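Descriptive structure summary
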Amino acid sequence: MRNKVIDQFSRLYGHPPAVVTRAPGRIEFIGNHTDYNGGTVLGAAINHGVWVAAGKTAVPELRFATAAQSGVVTVPAGAPHRRNGAERWVNYPLGIWTSFREFGLRQPAGLDYLAVSDLPVGAGLSSSAALELASALAYLALTGEHPPREMVVQLGRHAENNFVGVPCGILDQGVSGFGKKDHLVFIDCRGPHFDTVPLPAGAHFWIFNTHTKHALIDGLYAARHRECLDAAQALGVDLLADVTLARLEQGKTRLSETGYRRARHVVEEIDRVTRVRTALARGDLAAVGRLLTASHRSSQVQFENSTTELDLLVEALTDLAHVYGARLTGGGFGGAVLAFTDAGFSPVQAEQVAGVYARKFGSRPGVLHCETGDGAEVIA
Ligand code: GLA
């Protein structure tokens, strides 16, 4: 991949890149919509991601290209504004560039830039955070600054919240930034504090991508964010992570029926993250799997961020041998299901699941058997 990215960049801009970076996509293992509520979450960086090649130029212009589309988007350096339509992807590297100044970092004044991805887009594997982190590391290499990794991760979230306009938490950027092969990343989102937890041998991840995405996905995510903050306020706390189940029950009458279910999902999900950590530490993968499936049920019924497509995959998977558990991964409202399996789960079984799905919905889900991988890094 490294050579492919360098060649493509050189052909496009007529000079080789000064730097190549890579940032992984991520799996949300458990901790659904807990991050912006100040809770905890476990994720894994995977062995697929986004590569960025970049070089400085003397002209005060930012030239962005992606292997996924033809053409170069040229943006005058200054105070860039958000892009729409086919150029929307530029908001991620441009948002990072803009956020540099807000974080007191030097911006490369002129830039040639190419992104190449081997991550399935729209699968809930956070290609956006990967693009943000790979871009941030590339710009930092060009300017020669070395801020702490925590800052790079916050920069990604800041760009997404303030430039792209999605009120996400720190999960995606945190996992892409702190990932480690054969480990999960544990985030206490309040700090935030980042840690890694060894993944027991024989644990496998399979991703089933529905290729569906709710038309109102960004609006629905923002609506859930709002509902959670409103529920916290009604319960007299800043964030739902401050609420115990007992306190939630006591304060139930202060919440709407919907607000109560949203809050219950978050409070119980934070507890499931703790229980998954304990079960992982004792190597009880069956217990981990049951908690993952319970997380999905809660998304389905209480948080209402699942879809019939995701539910069908979870149904089909949880019946099979070698599957510990399955759940939607990421924000929901489309995207992908994660199956957590032992080494015996086979491509034949994955095909069976894809077949059940295709018979019902008329199209095949994408299937990806992925491994854990390391976090964002400078490659060359
Ligand atoms: C998306 C967001 C994350 C997180 C998850 C849900 O992936 O980007 O910050 O909120 O949804 O857990």
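Because the structure is a prediction, the values reported are computed rather than measured.

Glancing now at the site of the ligand. Residues in contact with the ligand amount to 14 residues; listed here are only the nearest, Glu-28, His-33, Asp-35, Asp-172 and Tyr-221. His-33 is positioned such that a nitrogen or oxygen atom in its backbone is 2.7 Å from an oxygen atom of the ligand. For the ligand, an oxygen atom lies 3.0 Å from a polar atom in the backbone of Gly-169. When the free accessible area of the ligand is taken as 310 Å², the share hidden by the protein chains comes to 93%. Looking at the shell around the ligand, the elements that each hand over two or more residues are β1 (19-30) and α5 (171-178). Considered class by class, the residues forming the shell around the ligand number four nonpolar, six polar and four charged. Residue-level mapping places the shell around the ligand at the junction of two domains, with at least three residues from each of domain 1 (2-198) and domain 2 (204-370).

With that settled, the discussion passes to the packing of aromatic side chains. By the definition in use, this model includes 13 aromatic pairs. Ring geometry for Phe-64 versus Tyr-113: centroids 5.1 Å apart, planes at 75°, classification edge-to-face. A residue pair is termed long-range when its members are at least 10 positions apart, and Phe-64 in strand β3 (residues 61-66) and Tyr-113 in strand β5 (residues 111-117) qualify at 49 residues. The class of Phe-64 is buried, set by a relative accessible area of 0%. You can call Tyr-113 buried: its relative accessible area is 0%.

Glancing now at the side chain of Glu-309. Within the fold, Glu-309 resides in helix α10 (residues 308-318). It is Lys-360 that comes nearest to the buried, bridge-free Glu-309 among opposite-charge side chains, at 9.2 Å. Excluding residues that lie within four positions of it along the chain, Glu-309 makes contacts with Thr-210, Thr-212, Tyr-357 and Phe-361.

This part takes up the pairing of β5. The element β5 is largely enclosed, with a buried count of six among its seven residues. Looking at chain direction, β3 and β5 are connected through five bridges and run parallel. Residue pairing for β5: Arg-63 is matched across the bridge by Asp-112.

Looking now at the domain arrangement of the protein chain. Taken as a whole, the protein chain is organised into domain 1 (2-198) and domain 2 (204-370). Each of domain 1 and domain 2 has a C-alpha centre, and these two points are 25 Å apart. Across the boundary between the two partners, domain 1 contributes 37 residues, which contact 40 residues of domain 2. Interface area lost by domain 1 to domain 2 is led by Phe-29, Ile-30 and Asn-37, which between them contribute 21%. Counting every contact that joins domain 1 to domain 2 gives three salt bridges. The salt bridge partner of Arg-88 is Asp-218, with a shortest N-O separation of 3.5 Å. Elements supplying a minimum of two residues to the side of domain 1 that touches domain 2: β1, β2 (40-56), β6 (183-188) and β7 (193-198). A per-element tally of the side of domain 1 that touches domain 2 places β2 first, with seven residues. Looking at the side of domain 1 that touches domain 2 residue by residue, the class counts come to 18 nonpolar, 13 polar and six charged.

Cut-offs and rules
- Along each chain, the written sequence defines residue order, and numbers are assigned to residues from 1.
- Selection of residues for local features in this predicted model requires a pLDDT of at least 70, selection of side-chain atom pairs for listing and counting requires 80 or more, and totals for whole chains, interfaces and linings are taken over all residues.
- Side-chain figures throughout are based on the complete set of non-hydrogen atoms in the structure, without hydrogens or water.
- Nearness is judged by heavy atoms alone; a residue qualifies as near a molecule or strand once a single heavy atom is within 4 Å of it.
- Any pair of nitrogen or oxygen atoms within 3.5 Å is treated as a polar contact; in protein, a donor-acceptor pairing is required on top of that, and neighbouring residues in sequence qualify only through side-chain atoms on both sides.
- What sets the accessible areas is the Shrake-Rupley method with a 1.4 Å probe; for residues, cover comes only from the shown protein chains.
- Secondary structure elements follow DSSP: runs of H or I of four or more residues count as helices, runs of E of two or more count as strands, with numbering from the N terminus.
- Note that Gly is not counted as nonpolar here; it falls among the polar residues with everything else outside the nonpolar set of Ala, Val, Leu, Ile, Met, Phe, Trp, Tyr, Cys and Pro and the charged set of Asp, Glu, Lys and Arg.
- Reported domain spans reflect what an automatic or database domain assignment gives.
- Note on aromatic contacts: the rings of Phe and Tyr and the six-membered ring of Trp form a pair at centre separations within 6.5 Å, being stacked when their planes are under 30 degrees apart, edge-to-face when over 60 apart, and tilted otherwise.
- Three labels apply to residues, based on accessible area from a 1.4 Å probe with only protein chains included: buried if under 20% of the type maximum, exposed if over 50%, partly exposed otherwise in between.
- His is not counted, nor are the chain ends; Lys and Arg add positive charge and Asp and Glu add negative charge.
- The salt bridge criterion pairs a side-chain nitrogen of Lys or Arg with a carboxyl oxygen of Asp or Glu, the two atoms within 4 Å.
- Should any heavy atoms of two residues lie within 4.5 Å, those residues are counted as being in contact.
- Two strands pair under a simple rule: DSSP has to find at least two bridges between them.
- Two parts placed together each lose some accessible area; with a 1.4 Å probe, that loss summed over both constitutes the buried area.

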